[in-house]
Amino acid sequence: MMKSQEEYEENERIGSQKDLPICTDDDFLLMFLRNKKFDIKRSFEQCSNYSYQRHAMMNYYGFMFADKIMAPLYHNICGILPYRDHEGNIIIYFRANQYNSSICEPDDVLRAVQAIGHFVLTFPATQICGLALIADLKVESLQVLQLLARYVKWALPSLHAFPARFRKINCVNTHIFVRTMVNLFRSLAPVKLLKRTTFHDSDAKALLKTYDASLLPEEFGGTMGPLKDVSQFYLQKFEDFIPKLQASNFYYKRKNTIPFPES
């Protein structure tokens, strides 16, 4: 397939950055071009930031194995809902209060969230239309509080580099601690994203102002059925994707720096 002028120029820019570990696969670069509406300069900057973070955060990316990452999805701590909303956004969810240290380590939850983000971006429709996040931020234990602190501290600074269009974020059962953490790290998050984030209290029908009830499981006030059933839709495809994400670490590996497994 003949490259477009935009893709050609992007590859020229990347080729000039010999010290930057970066993937030059066409489909990979296209994610950034779509995210920045084919603005070459902005796409390259985001791609560079992503590549830097991908290398620097190898403690997360380098240890993404199915036996670790799938546990948060099997226990519905995080996952993907079966159907897109009326704007074409794929809907992902994060339920911090379902976390328990007997299930997995906190970092495995963060890795699972990262992997989900990368998985949904393999669909061109997600790259174009975007995604929506539903986060249940109820806190009933100290370990959930610690998980949320790690999540907010880790997620907000990395959002600039991630080539996804977050169309809306709805946070339900929002704990005061989370609001405080978001305010502390507000300067690190994209302004546009903050404007698209809505914090709800414990109103069981809060999400129905945004989504049709047929798109949501019972736990989010919808009529789709229990989450343990509806969350099965993408599980096998997601598990099959994990080795591909792990293998892509090859592009960001440098000698004599942060070690991570070969497989």
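Now for a description of the structure that goes with this document. Predicted, not measured: the structure shown is a model, and the values here were computed from it.

Thresholds, definitions, all that
- Residues numbered from 1 in each chain as written.
- Predicted model: local features only at pLDDT ≥ 70, side-chain atom pairs only at ≥ 80, totals over all residues.
- Heavy atoms only, no water.
- Helix = DSSP H or I, 4+ residues; strand = E, 2+ residues; numbered from the N terminus.
- Buried < 20%, exposed > 50% of the residue type's maximum accessible area, 1.4 Å probe, protein only.
- Contact = heavy atoms within 4.5 Å.
- Areas by Shrake-Rupley, 256 points an atom, 1.4 Å probe, with all protein chains shown as cover.
- Core = buried A, V, L, I, M, F, W, Y, C linked by side-chain atoms within 4.5 Å.
- 1 Å grid on protein atoms, 1.4 Å probe; cavity = no way out; pocket = protein on both sides within 12 Å on 5 of 7 lines; lining within 4 Å.
- Points joined across faces, edges and corners; volume = space filled by probe spheres on them.
- Nonpolar A, V, L, I, M, F, W, Y, C, P; charged D, E, K, R; others polar.
- Phe/Tyr/Trp six-rings, centres within 6.5 Å; stacked < 30°, edge-to-face > 60°.
- Disulfide = S-S within 2.5 Å.
- Axes fitted to C-alpha atoms, helices over the stretch in contact; angles between N-to-C directions.
- Parallel < 35°, antiparallel > 145°, perpendicular 65-115°, else oblique.
- Left-handed = near helix turned anticlockwise from the far one by under 90°.

### Quick notes on the overall build of the protein chain
(1) Moving on: If you tally the helices and strands in the protein chain, you get 12 helices and five strands.
(2) Moving on: Taken over 263 residues, the protein chain has a buried fraction of 53%.
(3) Moving on: Summarising the internal contacts of the protein chain: among those between residues at least 6 apart in sequence, 76% fall at separations of at least 24.
(4) Moving on: As displayed, the protein chain offers around 13200 Å² of accessible surface, 53% of which is attributable to carbon and sulfur atoms.

### Details of the nonpolar core
(1) Moving on: The biggest cluster of nonpolar side chains holds 69 residues, and the ones touching the most others in it are Phe28, Phe94, Tyr151 and Phe238.
(2) Moving on: For this core, the element with the most residues is helix 8 (residues 142–158), which contributes nine residues.
(3) Moving on: Residue contacts for phenylalanine 94: discarding those within four places in its chain leaves Ile77, Cys78, Val109, Val113, Leu133, Ile134, Ala135, Asp136, Leu137, Leu147, Leu148 and Tyr151.
(4) Moving on: Membership of the second largest hydrophobic core comes to 13 residues, among which are Tyr93, Ala132, Leu207 and Phe220.

### A closer look at empty space enclosed by the protein
One way to see where empty space is left: roll a probe the size of a water molecule over the atoms.
(1) Moving on: Under the criterion given, the structure shown has two cavities of 30 Å³ or more.
(2) Moving on: The computed volume of the largest cavity comes to approximately 590 Å³.
(3) Moving on: As for the largest cavity, its lining consists of 36 residues, of which Leu133, Tyr151, Ala155, Leu159 and Phe166 are closest to the centre.
(4) Moving on: Sort the elements by how many residues they give to the lining of the largest cavity and helix 8 lands first, with seven residues.

### Observations concerning the layout of surface pockets
(1) Moving on: Put simply, the largest pocket is a space of about 620 Å³.
(2) Moving on: Along the walls of the largest pocket sit 24 residues, with Asp27, Met31, His118, Thr122 and Phe241 positioned nearest its centre.
(3) Moving on: Looking at the lining of the largest pocket, the elements that each hand over two or more residues are helix 2 (26–35), helix 3 (40–56), helix 6 (106–120), helix 7 (124–129) and helix 12 (235–247).
(4) Moving on: The computed volume of the second largest pocket comes to approximately 520 Å³.
(5) Moving on: Lining the second largest pocket are 18 residues, with Asn35, Lys36, Arg42, Ala164 and Lys192 sitting closest to its centre.
(6) Moving on: Mapped onto the lining of the second largest pocket, the elements with two or more residues apiece are helix 3, strand 4 (166–172) and helix 10 (191–195).
(7) Moving on: For the lining of the second largest pocket, the leading source of residues is helix 3, giving four residues.
(8) Moving on: Taken together, the residues of the lining of the second largest pocket break down into six nonpolar, four polar and eight charged.

### Some remarks on the packing of aromatic side chains
(1) Moving on: Under the definition given, this model contains 15 aromatic pairs.
(2) Moving on: Measuring from ring centre to ring centre gives 5.6 Å for phenylalanine 32 and tyrosine 50, while their planes differ by 65°; the resulting arrangement is edge-to-face. Note that phenylalanine 32 is positioned in helix 2 and tyrosine 50 in helix 3, a separation of 18 residues in sequence. Residues phenylalanine 32 and tyrosine 50 agree in their burial class; the two are buried.
(3) Moving on: Among the aromatic residues, ring-to-ring pairing joins Tyr83, Phe119, Phe123, Phe233, Tyr234, Phe238 and Phe241 into one connected group.

### Quick notes on the state of the cysteines
(1) Moving on: Enumeration over the complete set of coordinates arrives at zero disulfides.
(2) Moving on: Of the cysteine sulfurs around cysteine 23, a residue in no disulfide, the closest is that of cysteine 47, at 8.1 Å.

### Let's talk about the packing of helix 6 against helix 8
(1) Moving on: Between helix 6 and helix 8, whose axes approach to 10 Å, the crossing angle comes to 40°. Comparing the axis directions of helix 6 and helix 8 gives the class oblique. Where helix 6 crosses over helix 8, the two elements pack in a sense that is right-handed. Between helix 6, through Pro106, Asp107, Val109, Leu110, Val113 and Gln114, and helix 8, the contact on the second element is made entirely by Leu147, Arg150, Tyr151 and Trp154.
(2) Moving on: Residues of the contact of helix 6 with helix 8, tallied by class, amount to seven nonpolar, one polar and two charged.

### Quick notes on helix 5 (residues 66–74)
(1) Moving on: All buried positions along helix 5 are accounted for by Ile69, Met70, Ala71, Pro72 and Leu73.
(2) Moving on: Structurally, helix 5 contributes buried residues whose contacts are with strand 1 (78–80), helix 6 and helix 12.

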